[in-house]
Amino acid sequence: MPGRIEDYALIGDLATAALVGRDGSIDWLCWPRFDSDAVFAALLGTPEHGRWRIAPDWEGGERPHIRRAYRDGTLVLDTEFRTGSGAVRLTDFMNVRDDGVSNLVRIVTGLRGEVAMRGELVLRFDNGRVIPWVSRLPDGTGIRAVAGPDLVVMRTGVPVRGEDMHSVSRFVVKAGESVSFVLSYGASHLPPPPPLDPGERLAETESGWRQWAAGCAEAGPWTDAVRRSVVTLKALTYRPTGGIVAAPTTSLPEKLGGSRNWDYRFCWLRDSTLTLMALLRAGYVEDAAAWRDWLVRAVAGSPDQIQIMYGLAGERRLTQYEADWLPGYEDSRPVRVGNAAYRQLQLDVFGEVANTLYQAHRHGLAFDRQAWSLQHALTDHLAKVWKQPDEGMWEVRSGPEQFTFSKVAAWAAVDRAVRSIEHFGMRGPLKRWQVLRQRIHEDVCRRGFDPELGSFTRAYGSGDLDANLLLLPAVGFLPYDDPRVRGTIAAVEKRLLRGGFLLRYATGETRDGLPGDEGVFLACSFWLANAYHRTGRRHEALDLFGRLLDLRNDVGLLSEEYDPGARRLIGNFPQAFSHIALVNTAYELSGHPGGREAEDGPPPARKAGRSPPPLAPGA
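Residues numbered from 1 in each chain as written. Predicted model: local features only at pLDDT ≥ 70, side-chain atom pairs only at ≥ 80, totals over all residues. Heavy atoms only, no water.

Caption draft 1: Region of the structure containing the domain arrangement of the chain. By the assigned domains, the chain splits into domain 1 (5-191) and domain 2 (212-590). Computed from C-alpha atoms alone, the centre-to-centre distance between domain 1 and domain 2 is 35 Å. In this assembly, 36 residues from domain 1 lie in contact with 42 residues from domain 2. Between domain 1 and domain 2, the buried area comes to about 3,200 Å², and carbon and sulfur atoms account for 65% of it. Sorting the residues of domain 1 by area buried against domain 2 places Ile5, Phe34 and Leu44 first, and these three jointly supply 26% of that buried surface. One can count three salt bridges joining domain 1 with domain 2. In this structure, Asp554 engages Arg68 in a salt bridge whose closest nitrogen and oxygen atoms are separated by 2.8 Å. On the surface where domain 1 and domain 2 come into contact, there are 15 residue pairs in polar contact (both at pLDDT 80 or more). (Domains from an automatic or database assignment. Contact = heavy atoms within 4.5 Å. Buried area = accessible area lost by both parts, 1.4 Å probe. Salt bridge = Lys/Arg side-chain N within 4 Å of Asp/Glu carboxyl O. Polar contact = N/O pair within 3.5 Å; in protein donor to acceptor, adjacent residues only side chain to side chain.)

Listed below in structure tokens is the structure:
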């Protein structure tokens with residue numbers, strides 16, 4: 001059985017990522033990309049669906065004491081096992097790949113006494129379904145596993161033997177000794193990946209991450225939390241294209257044992273502005289520019305074909321199927337691969353694209369005239385479709401509605417186009433777009449606000465509430481001191497707070513086309529902390545932010561949601577949206593001058609010197 005979600009740590013190479021449990025078991029790894037089939041899928045099933053465990057051989061004896069931590073500013077993970085006979089440190093990392101080869105390195109170092117260790121490698125290609133053909137390397141340095149197009153090679157200095165379709169190693173490590181294992185992925189029709197020096201790659205990887213993380217802007221008392229979050233965001237970046245995945249996992253449930261299980265190994269436009277602002281506030285201009293450039297390439301084409309999400313390189317067909325051979329995390333079925341929501345209409349993506357391009361320009365990123373041509377075309381198309389119902393930013397399965405925030409996002413898209421003409425001298429139909437902006441604003445205020453509730457509502461005439469209504473002042477639709485905004489904040493608090501944190505909407509009261517319920521949504525809870533801060537309730541903002549930070553696991557990671565009853569992280573993990581919200585809220589509360597999205601003042605001051613160096617092999 002897999003561990004609790006909070007028991008996992010993340011390692012990665014800027015093209016894929018693995019989840020490492022506290023017990024030394026790697027239970028999730030998709031190779032060679034984030035969205036590839038998993039070779040370790042025990043996270044969604046059993047050890048027989050693939051894992052790689054290295055830990056003290058304690059079976060029948062006393063469990064070892066375990067503690068772990070990342071090396072500061074890096075994705076190098078150290079797990080220390082202490083037993084009655086001694087102590088060892090297991091160091092796990094993936095070096096930023098070069099020559100197209102992806103490597104996962106594990107080094108066991110003796111710290112005290114001696115410890116009997118056991119390694120168990122269970123490779124299962126095709127998301128835990130295919131048992132590969134395993135043979136020894138000709139030079140005797142390890143094994144190779146092949147199935148179809150996939151090849152995995154493990155090199156180590158200790159003996160490995162086959163036991164019941166598992167590759168098992170037993171060895172003893174004494175103080176001062178070390179044993180290394182290198183797992184490498186390649187194409188089966190090509191020669192095996194070459195050997196590497198684990199010690200050299202460790203030094204290179206640690207140095208590269210430290211240099212990159214050192215560029216993180218100060219965030220007052222929350223600098224360490226922000227640095228860990230931006231390192232996590234970097235780890236979720238597909239370096240070849242600049243795309244950032246929502247999470248490296250699929251089908252971790254929003255309710256334990258439930259069916260709200262989705263594949264998040266893709267790039268959502270919904271997150272684009274907040275992602276850009278988090279990177280800019282933290283000082284990572286090059287990474288922000290890479291994200292902006294990915295966005296422009298992904299949405300390029302006919303405006304009526306814009307999607308809510310894309311693949312790592314901008315792929316559009318994200319076909320969904322169910323992996324029915326996997327029982328799911330803690331029996332949470334189904335396990336979904338792909339995401340059918342890519343076919344939905346969501347008007348909010350027009351606002352996200354426009355705001356991202358506008359903020360990029362305002363904060364000094366190199367201007368791209370093709371990007372303005374694209375934004376111009378999207379705005380013209382939006383003028384034709386903004387009145388249509390859509391599925392909303394949460395991708396409901398209950399059919400299209402007139403969602404209030406979707407209309408606000410449409411307003412924001414036109415607003416940013418107008419501002420680009422007014423402030424940057426861009427060419428466009430200013431008068432026509434000004435009229436359209438006003439029409440949308442009036443429509444939302446007339447149909448989206450409920451005077452009896454004293455609040456905006458989730459959809460026109462619905463009476464339901466949604467946490468995304470907290471973003472109305474954040475995008476500049478109304479100021480924070482507007483009575484309608486304050487009334488909305490109060491109504492959202494009253495109806496959506498559970499256990500001190502915020503639901504995105506009340507599943508028991510609101511139709512979304514899905515069975516069951518879900519946990520509190522962490523990004524929305526960060527939005528509430530921002531709203532408290534902007535409306536003069538700083539003490540409450542600090543209290544909520546502190547409690548949200550307390551939900552991070554022992555290595556600083558957050559999932560999408562939290563179950564207050566079970567006191568467990570739930571949903572895909574680690575979740576970019578949660579860490580983006582953490583970063584933006586920390587800078588907001590710390591008084592950092594960066595990017596208030598709706599304002600047109602000068603761009604935030606940057607630290608003197610160059611932007612942080614790009615993370616690269618040996619950097």
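Caption draft 2: Layout of the pattern of salt bridges. The final tally for this structure, using the stated rule, is 47 salt bridges. Linking Glu48 and Arg124 is a salt bridge whose minimum nitrogen-to-oxygen distance equals 3.6 Å. Taken together, the residues Glu48 in the loop between strand 4 (38-40) and strand 5 (51-56) and Arg124 in the loop between strand 9 (102-122) and helix 1 (125-128) connect sequence positions 76 residues apart. Here Glu518 ties to Arg260 by a salt bridge, and the two come within 3.8 Å at their closest N and O atoms. With Glu518 in the loop between strand 25 (501-502) and strand 26 (520-521) and Arg260 in the loop between strand 17 (243-244) and strand 18 (267-268), the pair connects residues that are 258 residues apart, well separated along the chain. Each member of the pair, Glu518 as well as Arg260, carries the same accessibility label: buried. Three or more residues joined by partner-sharing salt bridges are found here, namely Arg71, Asp78, Arg89, Glu206 and Arg210. (Helix = DSSP H or I, 4+ residues; strand = E, 2+ residues; numbered from the N terminus. Buried < 20%, exposed > 50% of the residue type's maximum accessible area, 1.4 Å probe, protein only.)

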